[in-house]
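# A structural walkthrough
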Amino acid sequence: MNSQTRKVIVFQLGEEEYAIPVHQVGSIERVMHITRVPRTAPFVEGVINLRGVVTPIIDLRKRFDLGTAEFNDSTRIIIAAIDDMDVGLIVDAANDVLDYNVEAIEPPPEVIDTLDVDYVSGVVKVEQRLFILLNLSKVLSTDEMKELEEIES
């Protein structure tokens, strides 16, 4: 693999496909029991005990104001490292791992549905598929990250 290609995990939220860099992903888990934590942001589902580590769980649909969906057999929790902290991201489905050429990245359009463009580092087209590259460190604000760190500890 040369320096011009990157590997991403592609996942689904509603009809859209999103991608995050493979190096940020620790694992992809089936949905398990999530313990609610009182007085947290609406998109914070709670915490899970993953192999002895308390991990905060975020529902990305709620985070991006995409409505809610029932969890089903394809719902997954992507355990990702955001600023040195593991966070679980609930997604509708984790589709696959793809390589793309960095030259294929296009800047985010002015308006991507209602998604706040800060989260989006670009749009990539691979064959007939278009996916939105997320910048995980922008998905949560500094205050929200602090709140998650408090939950985790």
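The paragraphs below set out a description of the structure included in this document. Since the model is a prediction, treat every value here as computed from it, not as a measurement. (Residues numbered from 1 in each chain as written. Predicted model: local features only at pLDDT ≥ 70, side-chain atom pairs only at ≥ 80, totals over all residues. Heavy atoms only, no water.)

## Regarding the nonpolar core
What counts, and what does not: By convention a nonpolar core is built from buried Ala, Val, Leu, Ile, Met, Phe, Trp, Tyr and Cys residues, the set being connected through side-chain atoms within 4.5 Å. The buried label applies to any residue whose accessible area, calculated with a 1.4 Å probe on protein chains only, is under 20% of its type's maximum; exposed applies above 50%, and partly exposed to all values in between. Only DSSP runs of H or I reaching four residues or more are called helices, and only runs of E reaching two or more are called strands; each is numbered from the N terminus. We call two residues in contact when some of their heavy atoms are within 4.5 Å.
In this structure, F11, I20, L60 and L89 are the most contacted members of the largest nonpolar core, which totals 30 residues. Among the elements of the structure, strand 1 (5-13), strand 2 (16-21), strand 4 (44-50), strand 6 (76-82), strand 7 (85-91), strand 11 (129-134), helix 2 (136-139) and helix 3 (142-152) are those that each provide at least two residues to this core. No other element matches the 4 residues that strand 7 contributes to this core. Contact partners of L60, with chain neighbours within four places excluded, come to F11, L13, L89, I90, V91 and V139. Counting 9 residues, the second largest nonpolar core, distinct from the first, contains V10, V124, F131 and L133.

## What about the environment of R63?
This is how it is decided: Identification of polar contacts relies on pairs of N or O atoms within 3.5 Å, with a donor-acceptor requirement for protein atoms, meaning one able to donate a hydrogen and the other able to accept it, and with residues adjacent in sequence counted only if both atoms are side-chain atoms.
As for its placement among the helices and strands, R63 is situated in helix 1 (residues 60-63). Expressed as a C-alpha distance, the spacing of R63 and V37, which sit 26 residues apart in the sequence, is 16 Å. Other than its neighbours up to four places away in sequence, R63 contacts F43, I58, Y119, V139, L140, S141 and E144. Here E144 takes part through its side chain, which lies 3.0 Å from a polar atom of the side chain of R63.

## Some points on the pattern of salt bridges
Here is the rule: For salt bridges, the criterion is a side-chain nitrogen of Lys or Arg within 4 Å of an Asp or Glu carboxyl oxygen.
Tallied over the full model, the rule gives 8 salt bridges. Between E17 and R129 there is a salt bridge whose closest N-O contact spans 2.7 Å. Here the residue E17 occupies a position in strand 2, and R129 occupies one in strand 11, the gap between them amounting to 112 residues. The class for E17 is buried, based on a relative accessible area of 14%. In this structure R129 comes out as partly exposed when scored by relative accessible area, which is 25%. Notably, a salt bridge pairs E45 with R36, separated by 3.9 Å at the nearest N-O pair. For E45, a relative accessible area of 11% corresponds to the buried category.

## Things to note about a negative patch on the surface
Quick reminder of the rule: Two distance rules govern patches: like charges are joined within 9 Å, and nonpolar side chains (Val, Leu, Ile, Met, Phe, Trp, Tyr) within 5 Å, applied only to residues with over 30% relative accessible area and no salt bridge. Reported accessibility uses the Shrake-Rupley method at a 1.4 Å probe radius. Residues are deemed covered only where the shown protein chains occlude them. In this tally, Asp and Glu contribute negative charge and Lys and Arg positive charge; neither His nor the terminal groups of the chain are included. To locate a charge, the coordinates of NZ of Lys, CZ of Arg, CG of Asp or CD of Glu are taken.
Residues D83, D84, E149 and E150 make up a contiguous surface patch of negative charge. Relative to the helices and strands, D83 resides in the loop between strand 6 and strand 7.

## Here's the deal with the pairing of strand 1
Put simply, the test is: DSSP calls a pair of strands paired once it identifies at least 2 bridges connecting them.
Pairing of strand 1 with strand 8 (residues 93-101) involves 8 bridges; the strand directions are antiparallel. Residue pairing for strand 8: K7 is matched across the bridge by D99. Examined bridge by bridge, strand 1 and strand 2 share 6 bridges and lie antiparallel to one another. If you follow I9 over to strand 2, its bridge partner there is I20.

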